[in-house]
Amino acid sequence: MKSDRTTDRTVGRTSRTSRTASTASTAGTASTGGTGGDAALRRRTDETLAFLHEVRAPARLGKRRSNAFVLYCVALGTAFWVVPLLIAAAGAGRRGEWQGSTSDHLLAGLPLAVPALLTLVVVHAARGAVWRGPVLVDLPTVSWLLPLPVLRGPVLLPRFHAAALRAAAMGLAGGGVLGYLLSIAGSAGWLPLTAAGAWAGTATALTAVAAGLLVERHDRAVARNAVRFQGITWTLAAGAVLLCAYAVLRGPGGPAGTLVLWSGPWGWAAQPLVGAAGHPVPGRPAGAALSAAFTVAALLFARRAAPDVPEEALRARATVASRVSASVYSLDLRQARSAARGTRGQRARPLLRLPVPRSRWLIVPWRDATGLLRAPGRLLWAALWSTAALGLGAAAHHARPDGQAALCAAALVAEYLAAAQLTEPARVDSDDARRSANLPYEFRALALRHAWLPCALLLGWLGAGTAAARLTGRGTPALAVLVAAVPVMVAAALVSSYRGPVPTHLLVGAETPMGNTAALQTGLWYARGPLAALVLSAPVLVTADRAHETGAGHIGWLLLAGAAGMWWARRTAHRLHGAPPGRPPRNAGRRLRAYLITRLK
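So, how was this worked out
- Residues numbered from 1 in each chain as written.
- Predicted model: local features only at pLDDT ≥ 70, side-chain atom pairs only at ≥ 80, totals over all residues.
- Heavy atoms only, no water.
- Helix = DSSP H or I, 4+ residues; strand = E, 2+ residues; numbered from the N terminus.
- Contact = heavy atoms within 4.5 Å.
- Salt bridge = Lys/Arg side-chain N within 4 Å of Asp/Glu carboxyl O.
- Buried < 20%, exposed > 50% of the residue type's maximum accessible area, 1.4 Å probe, protein only.
- Expected span 1.5 Å × (residues − 1).
- Patch = residues over 30% accessible without salt bridge, like charges linked within 9 Å, V, L, I, M, F, W, Y side chains within 5 Å.
- Areas by Shrake-Rupley, 256 points an atom, 1.4 Å probe, with all protein chains shown as cover.
- Core = buried A, V, L, I, M, F, W, Y, C linked by side-chain atoms within 4.5 Å.
- Arc of directions from axis to C-beta.
- Phe/Tyr/Trp six-rings, centres within 6.5 Å; stacked < 30°, edge-to-face > 60°.
- pLDDT = per-residue confidence, 0-100.

Here the focus is the side chain of Q404. Within the secondary structure layout, Q404 lies in helix α18 (residues 401-422). Residues within four places of Q404 in sequence aside, it is in contact with A396, H397, D545 and R546.

Right under this line is the structure:
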């Protein structure tokens, strides 16, 4: 046995020595810079890739089958959902149901809204490239293939080409649907608008791929300036959203619309769509030529930079992508989000330092406020969703009866999303119980204390918006109902924060004649908090809006639903974590004495 182990060590040393010598000789040959060295390196790369192509044939076949199944599901969903909706929308457009003052107002703001929308797409791609990126390889490729003395171009460029093709297909479809919907709303014929929308979507998608590749290529610089990069992207996103809101509220673009259309690639790509919609665009052929030239130049520049993506960037993205995929397959969406956000830079200090409170009652709200100030994007999103809720609630008052319920439900969903942004500290405490281990509170009490700050912020913002609407003569009963529904939505967000992992019996499901119920049960379990809040609040909002007044019964019902939701959140938090470790539960001595007396009797 000893001689066998000695022989194994000798063979291992010999193989490692031969691999080191082979690598050194190959590197020396490649460093000579001659044509012979380049030819040898290229030949070695071709041989390695050919060998891997043969070895990975079964895995590649399985991946193709998985992709074919995904495409089949997408095609099935498109055929059963998207196509009938588009046909119904076309019929409504022919009957003139889409045409009116609202559609005219929206179409008049296209010179501002379309460039802002395209800017959001590019900014989203740049932010997503921090953890994924267009060039995404698997962990075996990063660990075994890239360290070898082979050319990186033949390994990484096919990934870039595939990402560009996928983005072009998605942009083509999305832009075409947008142009088709604009034609239904009362613009020109459907074919010119659909073609112009497809061009705008394709150009923007390819530009987004190039932007994502540059972020991936300069991963070290982005990591060093993570907070600054996040601030720039958030500023661009907020500017685009405000520009869209301004276009919707103001309507005609005028000189501002012309300026935005010529402000950069986002405007150049939007010019064909805006021009096909009937807006005057001076120099539109030149803008289309600039858009095409910029898209091609950006793709060529990104293609040239693709082989130079650092290995640590590829390794980090492959690791995060595998974790996200595993979390999604296990239906643990919170873990997937945590893995994706772990690569983004966090602000070390809050934007505003809050003084430490002297009262212990304010410790939890102070921690929550400090955490939100370290992530100001959440405050921004909460403000945007709250504003959207106010806008949808005001629009529901002037909508037709058949669309009034949908607008009221959308307003409540927007309010819930605003509450979910503000309850992120509770979600963080739920994921890591050690953060609150030193606090003298049980989790059932801690969940209620996490509701103080979101309720205060939402009540302040929605109350100010309601008061401003009443002062300007645009107040509706739905706005008061939205203010009264704040405790319900915050409680629903807290229930989602303390929901924990998916129970195993829901993942197993039950077999029925319609198929397995695992997907339906899991979806209902994830959305049980907002669904309950929507069911309890939507009828009140619709009734108050149709009655043109807000009664005491409406407010009382919402307050009662909010109290019930807080009790539910308290119970959910206690079921997930229970009492803190090392601390006996309340009335433990009394329970033990009663148990002993019962046993002795």
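This paragraph deals with the pattern of salt bridges. A complete count under the given rule lists 7 salt bridges for this structure. Measuring nitrogen to oxygen at the nearest pair gives 2.4 Å for the salt bridge that ties R220 to E312. Residue R220 is located in helix α9 (residues 219-224), and its partner E312 is located in helix α14 (residues 311-329); the two are separated by 92 residues in the primary sequence. Taking the shortest distance from any N to any O, the salt bridge between R427 and E424 comes out at 2.5 Å. In this pair, R427 and E424 both sit in helix α19 (residues 424-431), 3 residues apart, roughly one turn of the helix. Like R427, the residue E424 is buried in the burial classification. Sharing partners across several salt bridges, the network here consists of R378, E424 and R427.

If you check helix α8 (residues 190-217), its first and last C-alpha atoms are 40 Å apart, about what 28 residues at 1.5 Å a residue would give, namely 40 Å. Most of α8 is tucked away, with 21 of its 28 residues classed as buried.

Turning our attention to a nonpolar patch on the surface. The grouping of F69, V70, Y72, V74, L76, F80, W81 and V82 at the surface amounts to a nonpolar patch, some 880 Å² of accessible area in total. Within the secondary structure layout, W81 lies in helix α3 (residues 57-94). Judged by relative accessible area, which is 64%, W81 ranks as exposed.

Attention shifts here to the nonpolar core. In this structure, L412, L458, V490, L494, L541 and M566 are the most contacted members of the largest nonpolar core, which totals 52 residues. The element best represented in this core is helix α23 (residues 486-497), accounting for 9 residues. The residues touching M566, leaving out its near neighbours within four places in the chain, are L448, A451, C455, P487, V490, A491 and L494. Core analysis: the second largest hydrophobic core is formed by 27 residues, L157, L206, L299 and V309 among them.

Those residues of helix α25 (residues 518-526) not exposed but buried are A518, T522, W525 and Y526. Down the axis of α25, the buried set is contained in an arc of 95°. They therefore lie on one face.

The residue H554 is located in helix α27 (residues 552-577) in this model. On the basis of relative accessible area, H554 is assigned to the buried category, the value being 18%. Once you skip the residues sitting within four places of it in the chain, H554 turns out to touch V540, T543, A544 and E549.

This part is about the packing of aromatic side chains. For any two aromatic rings, the description comes down to two numbers: the centre-to-centre distance and the angle of the planes. Overall, the coordinates contain 3 aromatic pairs when judged by the stated rule. Pairing W525 with Y526 gives two aromatic rings, centres 5.3 Å apart and planes at 75°, and the pair type is edge-to-face. The exposure classification of W525 matches that of Y526, with both residues buried.

In this section: the confidence of the model for the protein chain. Of the residues in the protein chain, 82% reach a pLDDT of 70 or more, and the chain-wide mean stands at 79. Mean pLDDT in the protein chain bottoms out at helix α1 (residues 2-31), which sits at 39, and peaks at α23, which reaches 92. Per-residue pLDDT stays below 50 along residues 1-34; that stretch engages in 10 contacts with residues further than four places along the chain or on separate chains. Within the model, the stretch residues 580-589 combines pLDDT values under 50 with 9 contacts to residues more than four positions away or in other chains.

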